[in-house]
Amino acid sequence: MRLALRAAEQSDVITTRQLAACGLGANAIAVRVRRGQLHRVHQGVYAVGTGVLTLKGTLSAAVLACGENAVLSHYAAAAWHGMLRWEDRWPDVITPHGAGRAVSGIRSHRSASLHEYDVWRRDGILVTSRERTVLDLAAELAPNALRRMVRQALAEGRLSIARLAKVLARSPRHRGTRALRALLAAWHGDRLTREHDAQRQARLEARGYRVLRVTWRQIVEQPRQTLARIRAALGFAEL
């Protein structure tokens, strides 16, 4: 029961060390492998039950195989968060501070700047936050692919501009910083974004909402006039 619960917390995968903590030594593990109760995924990592893993099980196994404090990252983390469709590739794992080990079939990354705020625990596995995942991918994706991913994630509420700005501030020397800063700086200026905003406004208005567009410059440079517009839109009388 203890073994099954631990494996369930990790999407049906478990490590040799965790099996030992459940009272299973090398001989007991070998017996269960022969019986088809355990299935080797990586060295020191087994699938429990049928051996058929879900995507999350496959990604969980990759993290567990890379040792303590390993973190799912890049494309694998984006798939875990539902921001990218998973392709047939090796899972990405960051090993903070140069610890851990390289494992065949896993794309290993090294990072000495992975902030604690940029690491989440989901389903028993450490994974980079959505914003940190975007920053990591900003160093690898083409500009158009990065823009599509970020735009979709923003529209679905998976990301926020404020949180992206914070992760940039925490990682000024990251390889993806320049590309992500450029994307955010031009976010409201390109034609595709204007079209996307117009479509979103149309959907809101179709549901009965009134959309009032206010620019950052208007808020900063014309606060009284901007406030007056908002109050008028809400039906408040002038003070």
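The paragraphs below set out a description of the structure included in this document. Position labels on residues start from 1 in each chain and follow its written sequence. Since the coordinates come from a predicted model, pLDDT governs what is reported: local features require at least 70, and pairs of side-chain atoms require 80 or more to be given and counted, while whole-chain, interface and lining totals use all residues. Note: side-chain values were computed over all heavy atoms of the structure, leaving out hydrogens and water.

### Some points on the layout of surface pockets
With a 1 Å grid laid over protein atoms only, a set of points is called a cavity when a 1.4 Å probe fits there but cannot get out and a pocket when it is open yet has protein on both sides within 12 Å along at least five of seven lines; lining residues have an atom within 4 Å of a point. Grid points are joined across faces, edges and corners, and a volume is the space filled by probe spheres set on the points. Within this model, the second largest pocket holds a volume of roughly 530 Å³. In this structure, the second largest pocket is lined by 21 residues; those nearest its centre are Thr15, Gln18, Leu64, Gly67 and Glu68. Helix numbers and strand numbers start at the N terminus; a helix is a DSSP run of H or I with at least 4 residues, a strand a run of E with at least 2. Breaking the lining of the second largest pocket down by element, the ones donating at least two residues are α2 (16-21), α4 (55-65) and β8 (125-128). Of the residues assigned to the lining of the second largest pocket, the class counts are 7 nonpolar, 9 polar and 5 charged. Three classes are used: nonpolar for Ala, Val, Leu, Ile, Met, Phe, Trp, Tyr, Cys and Pro, charged for Asp, Glu, Lys and Arg, and polar for all others, with Gly counted as polar.

### Considering the side chain of Thr15
As for its placement among the helices and strands, Thr15 is situated in strand β1 (residues 13-15). Here's how the labels work: a residue is buried when its accessible area is under 20% of the maximum for its type, exposed when over 50%, partly exposed in between, all with a 1.4 Å probe on protein chains only. The exposure class of Thr15 is buried, given its relative accessible area of 11%. The contact criterion used is simple: two residues touch if any of their non-hydrogen atoms lie within 4.5 Å. Contact partners of Thr15, with chain neighbours within four places excluded, come to Gly44, Val45 and Leu64.

### Things to note about the pattern of salt bridges
The rule for a salt bridge is simple: a side-chain nitrogen of Lys or Arg has to be within 4 Å of a carboxyl oxygen of Asp or Glu. Inspection of every chain in the model, using the stated rule, returns 8 salt bridges. Between Glu9 and Arg6 there is a salt bridge, with the nearest N and O atoms lying 4.0 Å from each other. Placement of both Glu9 and Arg6 in helix α1 (residues 2-9) is noted, with a separation of 3 residues, approximately one turn of the helix. A relative accessible area of 47% places Glu9 in the partly exposed class. The class of Arg6 is partly exposed, set by a relative accessible area of 36%. One connected set of salt bridges, linked through shared partners, spans Asp92, Arg107 and Glu140.

### A closer look at unusual backbone geometry
The phi angle at Ser11 is positive, at roughly 60°, despite the residue not being glycine. Along the chain, Ser11 falls in the loop between α1 and β1. The backbone of His74 shows a phi angle near 50°, a positive value even though the residue is not glycine. Examined against the element boundaries, His74 turns out to sit in helix α5 (residues 74-80). A relative accessible area of 5% means that His74 is categorised as buried.

### What about helix α7 (residues 143-155)?
Each α-helix turn comprises 3.6 residues. Residues three or four places apart therefore point the same way. Each helix should span, by expectation, one fewer than its residue count multiplied by 1.5 Å. Helix length check: α7 (13 residues) gives 18 Å between terminal C-alpha atoms against 18 Å at 1.5 Å per residue, within 8%. Those residues of α7 lying buried are Leu146, Met149, Val150, Arg151, Ala153 and Leu154.

### Describing the packing of aromatic side chains
For this analysis, a ring pair means two rings from Phe, Tyr or Trp (six-membered ring only for Trp) whose centres lie within 6.5 Å, classed as stacked if their planes differ by under 30 degrees, edge-to-face if by over 60, and tilted for the remaining angles. Tallying each qualifying case throughout the model produces 0 aromatic pairs. Between Lys56 and the ring centre of Trp80, over which it is positioned, the NZ or CZ distance is 5.0 Å. The positively charged end of Arg89 is found above the aromatic ring belonging to Tyr75, 3.8 Å away from the centroid. We count a charge as sitting over a ring when the NZ of a lysine or the CZ of an arginine lies within 6 Å of the ring centre and within 35 degrees of the ring normal.

### Focus on the environment of Ile230
Turning to its location among the elements, Ile230 is positioned in helix α12 (residues 223-234). Classification of Ile230 as partly exposed rests on a relative accessible area of 34%. In this structure the C-alpha to C-alpha distance between Ile230 and Val214, which are 16 residues apart in sequence, comes to 9.1 Å.

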